[in-house]
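Structural overview for review
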Amino acid sequence: MPAAWVLAQRDFKVLYKQSALGPLWLAIQPLGILGAFTVVFSGVADIETSGVPYPLFALVGISVWTFVSACLATGTRCFTRSKRLVRLTNAPRSALAIAAVTSALPQLAVPVVLTLAAVLAFGEGLGLELLALPLVALWLYGLTLAVTLALGALNVRFRDVSSFVPFLLQGGLFLSPIAYPLSEVPNGLDTVLKLNPITGVVEAWRWSILGSPADGLALALAGAGTLVIAFASWMIFVRLEVRFADVI
Amino acid sequence: MSSDAGHAVQATSVGKKYELGELASLPRTAHNLARVLARRPPNLRMFNALHDVSFTVDAGEAFAILGSNGSGKSTLLSIIADITRPSSGELRVRGRVLPLFSIAAGFHPELTGRENVIMFGTVLGIPRRDVLLALQEVADFAEIDSEHMATPVKRFSEGMMSRLAFATALHFPADVYIFDEVLVTADDHFKSKCAAEIEWLRNNGAAVFFISHELSLVRSICSRGMWLDAGRVRAIGPIDELAEDYEASDGQPT
C-alpha cells in the first residue's frame, strides 16, 4: 500500500521536528529504561536470569516493549490525529493505522541493533536462531497492528480509549516478562502471564537472540491469541470505519 | 435502478441523517444508562442533512451545486466521494473519484510543498512513480518556484496552498472530480487558468462537480446544476436559469 508508506514516512519525519536530539532519542529511550531496570531488578531485587547478564536479558524485552508502547501510544490516535484526511479525502483508512505502526519500526530496529552489539560486547555468541528473528518481528508487527487498528477505530467514537491506553501500557509492562524471566514467576501466576500474547513474543525474541529455551505453552497461547485478536480487531475496524467521517 | 451506461453519477432518493449533540460525554452516559434501566430506547436528536435527493450527472458534464451554508452541499459531495455513506437511498458512481474539499485537506504543515504533493497524490491513490513524474508540472501549474517547493507549507500563503492543492488534483486522472470551494483564495488569473483546465477535463470525458459561492465563476465553468435548500432539491437545470432563480431568491449572491 503506497499510501501507508508515504503516511509512515510523514509520521516518522514529523516525529523529531524541532527536537534538539532528534533520532538520538531512539537510543536514549531504551537505554534509559535499561538503566532503571538494572538498578531495580539486578541491584535491588537480584533477579536470576539463568546465566545471561541482566542488561542483555532486559534489552530484549525492552526492544519489544518500546515498540509496542510507541505504537499504541500514538496509534490509538492515528485516525483522530488525521481528522482532515478522514473527513476530506477518500484515502483508505487502514493506511493510517499501518502507517502508525510502520513509522515506529525504527523504535524496534535501533534497540535490536543495540542488543546485538551488547551480546557481542559481553562476549556471548549469536546462534543460528537469529535467522528466525525477522519472522518473530513480523509476528510482533502483525499483533501490534491488529491492536492499533481496533483501539484507533474505537477511539474515533469514544475518546475514552486514549485515557485507557497509558494505563494499559503501564499494567502491561508489569504483566509481561520484560524485566524478569517467566521462571521467576510463581506457579499459577505464570499461566496468567502466558495469556498475554506479548509474553510469547518476548519468549520467542529471547530464544532468537540469546538462545534461551522458549516456553512452549506461552508460544502456543500467544499464537492462538494473536489469531483471535487479529480477527476481532479487523471486525471492529470494518464495522466502525463506515461511520468514521460522521463521528470523528 | 440498474447502471445506466451514460451516467457518471446517479443518485436515487439519497438521504443523510446526523446525530446532534455530543456523541459521548459523562452526562450522556448517565442518561443512556438511566434509559436502559428504565427499558426505554435512548432518545436521539437527529438532523436531516439530506432528504430525498435524486439526480444524474453524465460523463463530460460540469455540474454545479448551489445552496446556502448548511444546505447539504458538502454532505452530498462526501457521499459521492465515498467518505461517508447515505442513511437512505442509493448513490452510484462510475470510476474513480478525486475529491478536493477545502484547500490543502491532506497537507501537513511541517512537510515541504514537494513532500506534500507526493503524500497527497499517493494518498489519493496515484502510483508514486506517476506522482514523481508529474511533480514539476504541478509546481509549474501552481506557479510555485523550486525554493518554495522545498519549504514547509506552513509558511505558504493561503493562495499558494490552494494553487498547489488544486494543481495536484488536476494533474491526476479520475472519472469524477469534486471541487468544493477550493478557489476562494486564488486570484483571478489562477481562476481562469483552472476554468480552462476543467474544460479540458470535461472534454476528455470526466464529470466535474463544482461548488463556489462566486456565481459568475460557477456559470463560466458549469453547464448544469442543482439547487439544494435545507437538504432538499429545489431545482435542477441548465446553469444560467438556475443561477438566475437562485440569485433572484436572494439565495446568496456573491
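Cut-off values and rules
- Residues numbered from 1 in each chain as written.
- Chains lettered and ligands numbered in written order.
- Predicted model: local features only at pLDDT ≥ 70, side-chain atom pairs only at ≥ 80, totals over all residues.
- Helix = DSSP H or I, 4+ residues; strand = E, 2+ residues; numbered from the N terminus.
- Rg over C-alpha atoms; globule rule 2.2 N^0.38 Å.
- Buried ≥ 20, exposed ≤ 12 C-beta atoms within 10 Å, placed from the backbone.
- Contact = placed C-beta atoms within 7 Å.
- Nonpolar A, V, L, I, M, F, W, Y, C, P; charged D, E, K, R; others polar.
- Pairing = 2+ DSSP bridges.
- Axes fitted to C-alpha atoms, helices over the stretch in contact; angles between N-to-C directions.
- Left-handed = near helix turned anticlockwise from the far one by under 90°.
- Expected span 1.5 Å × (residues − 1).
- Domains from an automatic or database assignment.
- Parallel < 35°, antiparallel > 145°, perpendicular 65-115°, else oblique.
- Core = buried A, V, L, I, M, F, W, Y, C linked by C-beta atoms within 7 Å.

Section: the overall build of chain A
Secondary structure assignment for chain A yields twelve helices and zero strands. From first element to last, N terminus to C terminus, chain A shows the α and β order α-α-α-α-α-α-α-α-α-α-α-α. Computed over the C-alpha atoms, the radius of gyration of chain A is 19 Å, within 12% of the 18 Å expected from 2.2 N^0.38 for a compact globule of 248 residues. With the C-alpha coordinates aligned to their principal axes, the bounding extent of chain A is approximately 55 × 45 × 35 Å. Within chain A, buried positions represent 42% of all 248 residues. In chain A, 78% of the contacts between residues at least 6 apart in sequence involve partners at least 24 apart.

Things to note about the overall build of chain B
In terms of helices and strands, chain B carries nine helices and nine strands. If you line up chain B on its principal axes, its C-alpha atoms span 65 × 45 × 40 Å. In chain B, which comprises 254 residues, the share counted as buried stands at 42%. Considering only contacts in chain B between residues 6 or more positions apart, those separated by 24 or more positions represent 75%.

As for the interface of chain B and chain A
Contact with chain B, which involves 26 residues of that partner, is made by 21 residues of chain A. Of all the secondary-structure elements, those providing two or more residues to the side of chain B that touches chain A are β5 (97–101) and α3 (113–123) of chain B. The element that contributes the greatest number of residues to the side of chain B that touches chain A is α3 of chain B, accounting for four residues. Considered class by class, the residues forming the side of chain B that touches chain A number 15 nonpolar, seven polar and four charged.

Description of the sheet that holds strand β2 (residues 46–58) of chain B
Residues and elements named next belong to chain B. In space, the three strands of this open sheet follow the order β2-β1-β4, with antiparallel pairing throughout. The two strands at the open ends of the sheet, each matched to only one other strand, are β2 and β4 (88–93). Adjacent strand axes in the sheet meet at a mean angle of 20 degrees, parallel and antiparallel pairs treated alike. In the sheet, strand β1 (residues 7–19) pairs with β2 via nine bridges, with the strands oriented antiparallel. Paired with Tyr18 across the strands is Phe47, a residue of β2.

With respect to the sheet that holds β5 of chain B
For sheets, the rule is that strands pair by backbone hydrogen bonds, running either parallel or antiparallel. Residue and element names in this part refer to chain B. Strand order in the open sheet formed by six strands is β5-β6-β7-β3-β8-β9, with mixed pairing between adjacent strands. Both edges of this open sheet fall to β5 and β9 (232–238), since each of them pairs with a single strand only. Neighbouring strand axes in the sheet, compared pairwise and without regard to direction, differ in orientation by 15 degrees on average. Here six bridges tie strand β8 (residues 224–229) to β9, and the two strands are oriented antiparallel to one another. Note that in β9 the partner of Gly225 across the bridge is Gly237. Of the strands in this sheet, β3 (62–66), β6 (176–180) and β7 (207–211) touch helix α7 (residues 188–203), which is tilted by about 150 degrees from β7.

As for the packing of helix α3 (residues 54–75) of chain A against helix α5 (residues 94–102) of chain A
All names here are of chain A. The contact between α3 and α5 brings their axes to 9 Å, and the two run at 145 degrees. In this structure, α3 crosses over α5, and the sense of that crossing is right-handed. Every residue of α5 that contacts α3 at Cys71, Thr74 and Gly75 is listed here: Ala97, Ala100 and Val101. Considered class by class, the residues forming the contact of α3 with α5 number four nonpolar, two polar and no charged.

Description of α3 of chain A
The periodicity of an α-helix, 3.6 residues per turn, causes residues three or four positions apart to be oriented the same way. The end-to-end C-alpha distance of α3 of chain A is 31 Å, a good match for the 32 Å that 22 residues give at a rise of 1.5 Å each. Burial runs high along α3 of chain A: 17 of the 22 residues are buried.

Focus: the pairing of β8 of chain B
Pairing of β3 of chain B with β8 of chain B involves four bridges; the strand directions are parallel. Bridge assignment links Ile65 of chain B to a residue of β8 of chain B, and that residue is Met226 of chain B.

Describing the pairing of β7 of chain B
Residue and element names in this part refer to chain B. Burial analysis of β7 places five of its five residues in the buried class, which makes it a mostly covered element. The alternating pattern of β7 places Ala207, Phe209 and Ile211 and Val208 and Phe210 on opposite faces, both of which are buried. Bridge count for β3 against β7 is three bridges, and the pairing is parallel. Counted as the bridge partner of Ala64 is Phe210 from β7.

What to know about the domain arrangement of chain B
Residue and element names in this part refer to chain B. Domain boundaries assigned for chain B yield domain 1 (1–15 + 50–96 + 174–254) and domain 2 (106–173). Summarising the inter-unit geometry, the C-alpha centres of domain 1 and domain 2 are found 25 Å apart. Between domain 1 and domain 2, the residue contacts involve nine residues of the former and nine residues of the latter. For the side of domain 1 that touches domain 2, the class distribution of residues is six nonpolar, one polar and two charged.

Section: the packing of α3 of chain A against helix α8 (residues 160–174) of chain A
For any two helices packed against each other, one specifies the crossing angle of their axes together with the interaxial distance. All names here are of chain A. Orientation of α3 relative to α8, taken along the N-to-C sense of each, is 170 degrees, at an axis distance of 10 Å. Classified by the angle between their axes, α3 and α8 sit roughly antiparallel to one another. Our pair here, α3 against α8, has a crossing hand that is right-handed. Facing α3, whose interface residues are Trp65, Ser69, Leu72 and Ala73, α8 presents Val165, Leu169 and Leu173. Its residues placed into classes, the contact of α3 with α8 shows six nonpolar, one polar and no charged.

With respect to the nonpolar core
Ranked by size, the top nonpolar core spans 145 residues in total, and within it Val201 of chain A together with Ile80, Val176, Ile178, Phe209 and Phe210 of chain B carry the most contacts. A per-element tally of this core places helix α7 (residues 133–157) of chain A first, with 13 residues. When residues of this core are assigned to domains, at least three map to each of domain 1 (1–15 + 50–96 + 174–254) and domain 2 (106–173) of chain B.

A look at unusual backbone geometry
Residue and element names in this part refer to chain B. One non-glycine residue, Ser13, lies in the positive phi region at around 50 degrees. Topologically, Ser13 is positioned in strand β1. Judged by the 14 C-beta atoms lying within 10 Å of it, Ser13 falls in the partly exposed class. Residues other than glycine seldom take positive phi values, yet Asp82 does so here, at roughly 65 degrees. In this structure, Asp82 sits in the loop between α2 (73–80) and β4. A count of 14 C-beta atoms within 10 Å places Asp82 in the partly exposed class.

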